[in-house]
Amino acid sequence: RKLMPALFMTYLQGLLPERFVIVGVARRDYDDATFRAMLSESIKTFSRLPAKEDAVAQFVEHVRYHRGDISTPEAYEELKARLEDTEVYPGNRLFYLSVIPSLFEPAVRMLKQTGLIAKPGGPHWTRVIIEKPFGKDLERARALNRALLCHLDESQIYRMDHYLGKETVQNILSFRFANAIFEPVFNRSYIDHIQITAAETVGMEMGRGGYYDEYGALRDMVTNHLLQLLCLVTMEAPGDLSAESIHNEKVKVLNATKLDIRKNISDAVCRGQYSEGMDSEGKRVKGYLEENRIDPESDTESFVALRLSINNWRWAGVPILLRTGKRMARKTTEIVVQFKVPPLQLFQQVECDDDVCDITRIKPNTLIFQIQPNEGILLRVGTKRPGMRFVVEDVKMDFSYSGTWNKSLPEAYERLLIDTLHGDATLFTRSDEVEAEWRVVQPILDHLDQLRPYVYPPGEWGIPEADWLFHGVEGEWRNK
Ligand code: BG6
């Protein structure tokens, strides 16, 4: 659904090298023809732009199938024998480990032992892509890093977090550091709080239950995608745009990030599980515990919300709220930066409706990075409503990708695959960054017994208890 259509799109744009072969390795008894036919179908179904028959046919000519069980050394020996035919297979190699996490280390070890991994600095390069989850807790993330680094140089490992390949996510840095007007106010003096939401309407479709029940929302979304968004919106400006400078700044801000625990862990974290009910489209859906391949007694969360603080000069005292969940009201990923209200409430006034009167207060300015869908950036500002009185109303200034550039945005995988071919690790996660991410959430994993999940109905915004995280803050979740 993702990789082959992405490779096909890069092929169409002429971004792949002139000579390339894609070898699929798996246990099933396919041959090149069956594999190509299968891929052609999925490319036609899932490509972001219409895939013409002849272009797909040309592309799949580059695809081969190799049967082998990659948990056994023989698979690597046979693969090596095949790749030695340099007439067909170029010397630069990118291994994409689209495998269960327990195979990361054995696969890399056997690739190395078979001599399939070239030393860095030689005439040909070898790179390895692995996809999250990178470990299951801090300890196991460290162990995985150690194991991978026994066989590979850090410069050969590309840990993929597909959020970083999203156009709108990359734009956070450009927006912050290519414009002089926002950066001076991006700090504790002007910002009240920041909230990051990644809500999804899906549940455990497509056989995901087994994996998900073992990991849950915290490990599946927070320790990677959400913390990466947090880094981009709060990190200091790097000295240059090299991968190293950017990773250094991210690690610094992650190291300063802590759960905002006052007394108990539950002041800073809450977890939820969806119940059976109507989803956002009015369709009856199963509860989390009744889903396929989910332990009916499971206490894995399908929703999690947390409150963090960043203990540095820029952000001290600014609450950072994150939440993510499945089966929520709408698919949306957004970052909301809420500014403080002006120090003097000049425009405060009393508005009455019969005998019910309310003091209307100015709404704070809000800057919203809409990551998906309706990709764009929105700034809410107060302006005078036309008329005889001074009534200030909240209006929005917005930029949308679709209104500005009339073309479909590249899929995250397109960008990331091309970057790997070019050896650019900027949009990948470095080993110390992964460990810093786990360090932030480790106290939650240590106290799961105090964080039993609350139940929430599908089609809404998760558990109401997530509102408590706003204690002492002038604000609430933007969508609720
Ligand atoms: C994946 C998670 O990394 O990201 C999934 O494993 C989640 O559970 C997905 O659905 C969300 O990605 P996107 O790009 O649809 O926001």
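Above this note sits the structure.
Given the structure is predicted, the values throughout are model-derived calculations rather than measurements. (Residues numbered from 1 in each chain as written. Predicted model: local features only at pLDDT ≥ 70, side-chain atom pairs only at ≥ 80, totals over all residues. Heavy atoms only, no water.)

1. Regarding the overall build of the chain
Next, step 1: Of regular secondary structure, the chain possesses 12 helices and 19 strands.
Next, step 2: In terms of C-alpha radius of gyration, the chain reaches 25 Å, essentially the compact-globule figure of 23 Å for 480 residues.
Next, step 3: The C-alpha extent of the chain, read off along each of the three principal axes, is 85 × 50 × 45 Å.
Next, step 4: Counting all 480 residues of the chain, 51% fall into the buried class.
Next, step 5: In the chain, 76% of the contacts between residues at least 6 apart in sequence involve partners at least 24 apart.
Next, step 6: For the chain, the exposed area adds up to about 23,300 Å²; of that, 52% sits on carbon and sulfur atoms.
Next, step 7: When the 61 positive and 70 negative side-chain charges of the chain are each reduced to one mean point, those points stand 2 Å apart. (Helix = DSSP H or I, 4+ residues; strand = E, 2+ residues; numbered from the N terminus. Rg over C-alpha atoms; globule rule 2.2 N^0.38 Å. Buried < 20%, exposed > 50% of the residue type's maximum accessible area, 1.4 Å probe, protein only. Contact = heavy atoms within 4.5 Å. Areas by Shrake-Rupley, 256 points an atom, 1.4 Å probe, with all protein chains shown as cover. Lys, Arg positive; Asp, Glu negative; His and termini not counted. Charge placed at Lys NZ, Arg CZ, Asp CG, Glu CD.)

2. As for the site of the ligand
Next, step 1: Close to the ligand lie K132, H162, Y163, K166, E200, R208, D220, M221, H225, K326, K331 and Q372.
Next, step 2: In the model, an oxygen atom of the ligand is placed 2.7 Å from a nitrogen or oxygen of the K132 side chain.
Next, step 3: Between an oxygen atom of the ligand and a side-chain N or O atom of D220, the distance comes to 2.6 Å.
Next, step 4: Protein contact buries 82% of the 400 Å² of open area that the ligand shows by itself.
Next, step 5: It is helix α8 (residues 209-234) that provides the largest number of residues to the shell around the ligand, a total of 3 residues.
Next, step 6: Counted by class, the shell around the ligand contains 2 nonpolar, 3 polar and 7 charged residues. (Near = heavy atom within 4 Å. Polar contact = N/O pair within 3.5 Å; in protein donor to acceptor, adjacent residues only side chain to side chain. Nonpolar A, V, L, I, M, F, W, Y, C, P; charged D, E, K, R; others polar.)

3. Overview of helix α12 (residues 431-446)
Next, step 1: Over its 16 residues, α12 runs 22 Å from end to end, which matches the ideal 22 Å to within 8%, given 1.5 Å per residue.
Next, step 2: The largest bend in α12 is about 40°, located at V440, with the proline P443 one to four residues further on.
Next, step 3: Among the 16 residues in α12, 12 count as buried, and that is most of the element.
Next, step 4: When we look at burial in α12, the residues that qualify are S431, E433, V434, E435, A436, E437, W438, V440, V441, Q442, I444 and L445. (Expected span 1.5 Å × (residues − 1). Bend = angle between axes of the 7 residues up to and from the residue.)

4. A word on helix α1 (residues 3-12)
Next, step 1: Here α1 lies mainly inside the structure; 8 of its 10 residues are buried.
Next, step 2: M4, P5, A6, L7, F8, M9, T10 and Y11 are the residues of α1 that are buried.
Next, step 3: Contacts made by the buried residues of α1 are with β1 (22-26), α2 (32-46), α3 (53-60) and α11 (412-422).
Next, step 4: Phi turns positive, to about 70°, at G14, one or two residues after α1.

5. Topic: the environment of I196
Next, step 1: By secondary structure assignment, the location of I196 is in strand β6 (residues 191-199).
Next, step 2: Residue classification places I196 among the buried residues on the basis of a relative accessible area of 0%.
Next, step 3: For I196 and L226, which are 30 residues apart along the polypeptide, the C-alpha to C-alpha distance reads 7.3 Å.
Next, step 4: Ignoring sequence-local partners within four residues, the contact set of I196 consists of L226, L229, L230, L321, L322, R323, E334, I335 and W477.

6. Brief notes about the pattern of salt bridges
Next, step 1: In this structure the tally under the stated criterion is 36 salt bridges.
Next, step 2: Here K136 makes a salt bridge to E214, at a shortest N to O gap of 3.5 Å. Here E214 lies in helix α8 and K136 lies in the loop between β4 (126-131) and α6 (138-151), a separation of 78 residues in the sequence.
Next, step 3: For E183, the salt bridge identified is with R314, shortest N-O distance 2.9 Å. Taken together, the residues E183 in the loop between α7 (167-177) and β6 and R314 in the loop between β11 (303-310) and β12 (320-325) connect sequence positions 131 residues apart.
Next, step 4: Overlapping salt bridges bring together R176, E183, E236 and R314 as one network. (Salt bridge = Lys/Arg side-chain N within 4 Å of Asp/Glu carboxyl O.)

7. Some remarks on the sheet that holds strand β5 (residues 157-160)
Next, step 1: Pairing is parallel across the open sheet formed by 3 strands, whose spatial order is β3-β4-β5. Either end of the sheet is taken by a strand with one partner, and the two such strands are β3 (93-97) and β5. The average angle at which neighbouring strand axes cross in this sheet is 20°, direction not considered.
Next, step 2: With 4 bridges connecting them, β4 and β5 associate as parallel partners. The residue of β5 that forms the bridge with V128 is I157. (Pairing = 2+ DSSP bridges. Axes fitted to C-alpha atoms, helices over the stretch in contact; angles between N-to-C directions.)

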